[in-house]
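Understanding the architecture of this molecule
Residue strings, one per chain:
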Amino acid sequence: DSGDSISERQEWRPVIYRQCTDTLWLLLFCLFWAGLMFISGYGVVAGAAERLVLGYDSFGNICGRKNTPVEGANLSGLDMTNKKYVFFLNSCSLEIQSLKISSLSLCVSSCPQQQLNSLEDLQSFARNNGSFLCVYNLNVSSYTLNPKAVQLCPTLPVPPSKSFPLFNRCVPQNPECYSKYASVLISMVNEMDVFQRILSGILAGRDTVIGLSVLALAFSLMLVLAFRFIQTLLIHTLIALVVFGLLFVSGILWWLHYDYRNDPSTELETEKENVKFLLGYAIFSTIVTVVLLSLIFVLRKKLQFAVQLFQIVDKIIGRIPFLLFQPLWTFLILIVFWVFWVAVLLSLGTAGTAQSTSEGQVEYRALSGICYMAWYHFIGLIWTSEFILACQQMVIAGAVVACYFNRNKNNPPPHPVLSSISVLFCYHLGTAVKGSFLITILRIPRIVLLYLYNTLNQKVGKC
């Protein structure tokens with residue numbers, strides 16, 4: 001009996017005598033997240049993401065919302081629930097002054113679909129459509145009578161415009177006005193700092209990012225399910241797909257780089273940065289393609305080991321079917337975190353105090369320290385994302401090890417995934433934090449160097 005107890009204790013000793021690992025790292029991560037929560041609360045209180053998404057007029061009113069008045073601005077605090085679009089009074093001659101569009105802007109209920117050539121046309125449009133294109137304190141009946149109507153109404157003729165699906169702006173459809181309007185927006189984006197560019201990039205490409213993420217998730221699940229049925233055929237199919245995929249990706253990257261580099265319409269600074277990134281990705285992809293193709297050629301006779309490996313994977317998945325849902329859980333957790341992160345970033349990007357000018361308009365001035373908070377928030381994105389992925393890897397590894405090294409094949413572990421999650425949360429969260437922090441440390445310098453490189457290039461170009 002004593003011999004059996006000793007052997008049993010030796011067999012299960014790694015489970016019985018577990019200890020918490022890297023506790024100080026877990027404490028550090030908790031303190032870091034306390035800082036993130038403080039920044040999140042500060043951003044929600046001080047920021048106004050609605051101003052960026054919905055747009056606002058020159059008097060501090062957010063379009064599509066009921067507003068609170070700003071001291072010193074008589075036309076602030078208006079109810080704009082039915083006025084959801086931003087209209088610039090001088091849309092054909094916009095100018096930028098200190099990262100601000102000089103033209104007066106108003107919230108209107110609809111954009112003019114046809115050209116308006118006179119004050120009478122403005123008055124008729126207001127009465128027929130309920131959309132007032134002159135300053136709010138000018139009554140519609142005074143459009144043609146008030147001598148100051150020329151200054152309080154848009155510059156004539158008013159070009160036909162259409163509401164832009166992003167940011168709810170009235171974009172002129174006249175080719176000449178549209179080109180000037182677009183050039184002003186391009187210049188404004190190029191003068192923004194890195195975090196404002198991140199905001200514009202996220203909002204502009206959100207549908208593409210979400211679609212590609214869903215496609216990658218579906219493809220991963222299909223690949224895992226295929227392990228159970230066609231191991232040998234799958235090996236050769238995967239090798240063929242890898243070879244074709246590597247050549248295809250490298251070719252596409254080089255083609256995109258060549259196409260973008262020779263495209264005369266590339267004006268946005270973000271587009272120029274994309275050209276540089278495409279060149280780097282193309283070179284890296286070519287190197288990886290050459291290395292992997294060489295390895296495939298050298299190891300082509302050892303494919304049987306890969307078949308055996310897939311057979312083991314098949315057995316593990318058969319014993320632990322819930323492993324198939326691990327990528328889905330991780331994906332959902334990451335999506336929730338990324339949505340939270342973007343919401344906080346939007347709040348930080350719009351954090352500012354409303355101050356009235358001598359002309360009765362409202363300007364938003366950025367609060368001090370926002371840039372440092374944004375960098376802290378950006379580090380939180382990388383670290384937390386890597387931490388979530390590290391937790392997934394440790395859960396999968398723990399469940400697989402528990403089943404693969406189980407000596408009693410007739411009595412497999414009852415809940416290996418739940419047991420692995422329990423072991424992770426009780427003992428090894430600090431290790432996941434430590435590993436994810438090391439990856440973050442390696443990524444941050446690269447991002448900083450790229451930012452400095454782009455900043456210096458801009459200054460050299462101005463000189």
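Because the structure is predicted, anything quoted here is derived from the model rather than measured. (Residues numbered from 1 in each chain as written. Predicted model: local features only at pLDDT ≥ 70, side-chain atom pairs only at ≥ 80, totals over all residues. Heavy atoms only, no water.)

For the structure on display, the rule yields two salt bridges. In this structure, Arg443 engages Glu386 in a salt bridge whose closest nitrogen and oxygen atoms are separated by 3.1 Å. With Arg443 in helix α15 (residues 416–462) and Glu386 in helix α14 (residues 370–404), this pair connects stretches of sequence that are 57 residues apart. (Salt bridge = Lys/Arg side-chain N within 4 Å of Asp/Glu carboxyl O. Helix = DSSP H or I, 4+ residues; strand = E, 2+ residues; numbered from the N terminus.)

Membership of the largest hydrophobic core comes to 32 residues, with the highest contact counts inside it found for Phe59, Phe87, Leu122, Leu133, Tyr136, Tyr143 and Cys153. Secondary structure elements with two or more residues in this core: β1 (85–88), β2 (105–108), α5 (119–129) and β4 (170–172). Top element by residues in this core is α5. It accounts for four residues. Excluding anything up to four places from it in sequence, Leu133 contacts Phe87, Leu89, Leu106, Val108, Ser110, Pro112, Leu116, Leu122, Phe125, Tyr143 and Pro154. In terms of nonpolar packing, the next biggest core, distinct from the first, is built from 18 residues, Phe29, Ile320, Ala390 and Ala399 among them. (Core = buried A, V, L, I, M, F, W, Y, C linked by side-chain atoms within 4.5 Å. Buried < 20%, exposed > 50% of the residue type's maximum accessible area, 1.4 Å probe, protein only. Contact = heavy atoms within 4.5 Å.)

Attention now goes to unusual backbone geometry. For the bond running from Leu156 to Pro157, omega is -5°, close enough to zero to count as cis. Its place among the elements puts Pro157 in the loop between α6 (149–152) and β3 (161–163). Unusually for a residue other than glycine, Asp22 sits at a positive phi of about 55°. One can find Asp22 in the loop between α2 (13–16) and α3 (23–46).

Positionally, Leu122 belongs in helix α5. Remark: the alpha-carbon pair of Leu122 and Leu133, spanning 11 residues in sequence, is separated by 7.1 Å. For Leu122, the contacting residues outside a window of four places in its chain are Leu116, Leu133, Cys134, Tyr143, Cys153, Pro154, Leu156 and Val158.

Looking now at the UniProt feature "transmembrane region" (unreviewed entry) in the protein. In the numbering used here, UniProt assigns the "transmembrane region" (unreviewed entry) feature to residues 23–45, 209–230, 237–258, 278–299, 320–344 and 387–405. Segment residues 23–45 splits into 100% helix and 0% strand. End C-alpha atoms: 33 Å apart. As annotated, residues 387–405 comprises 95% helix and 0% strand, and the C-alpha atoms at either end are separated by 26 Å. (UniProt positions renumbered as here; feature names shortened; annotations may be inferred.)

On to the side chain of Ser161. With respect to the helices and strands, Ser161 occurs in strand β3. For Ser161, a relative accessible area of 5% translates into the label buried. Those residues in contact with Ser161 that sit more than four places away from it in its chain are Cys111, Pro112, Gln113, Cys170, Val171, Pro172 and Gln173.

This next bit is on α5. Along α5, the positions that sit buried rather than exposed are Leu119, Leu122, Gln123, Phe125 and Ala126. Here the buried residues of α5 occupy an arc of 160° about the axis, which is enough to place them on one side. The outward face of α5, more than 90 degrees from its buried face, is lined by the exposed residues Arg127 and Asn128. In this structure, the buried side of α5 is in contact with α6. Directly after α5, the chain includes Gly130, whose backbone phi takes a positive value near 70°. (Arc of directions from axis to C-beta.)

Quick look at the state of the cysteines now. The full count for this structure, using the stated rule, is four disulfides. The disulfide that involves Cys63 links it to Cys107, with 2.0 Å between the sulfurs. In this structure the cystine formed by Cys63 and Cys107 twists about its S-S bond by roughly -85°; its chirality is therefore left-handed. Taken together, the residues Cys63 in the loop between α4 (49–54) and β1 and Cys107 in strand β2 connect sequence positions 44 residues apart. Each member of the pair Cys63 and Cys107 is classed as buried. Residue pairing for Cys92: its cysteine sulfur links by disulfide to Cys177, the two sulfurs lying 1.8 Å apart. (Disulfide = S-S within 2.5 Å.)

Moving on, we get to the packing of α3 against helix α13 (residues 326–349). In contact at an axis separation of 8 Å, α3 and α13 are set at 50° when each is read in the N-to-C sense. Taken together, α3 and α13 sit at an angle that is classed as oblique. Of the two elements, α3 crosses α13, and the hand of that crossing is left-handed. The segment α3 lies against α13, with Trp33, Met37, Ile39, Ser40, Gly43 and Val44 engaging Phe337, Phe340, Val344, Ser347 and Leu348. Across the contact of α3 with α13, the residue classes tally to eight nonpolar, three polar and no charged. (Axes fitted to C-alpha atoms, helices over the stretch in contact; angles between N-to-C directions. Parallel < 35°, antiparallel > 145°, perpendicular 65-115°, else oblique. Left-handed = near helix turned anticlockwise from the far one by under 90°. Nonpolar A, V, L, I, M, F, W, Y, C, P; charged D, E, K, R; others polar.)

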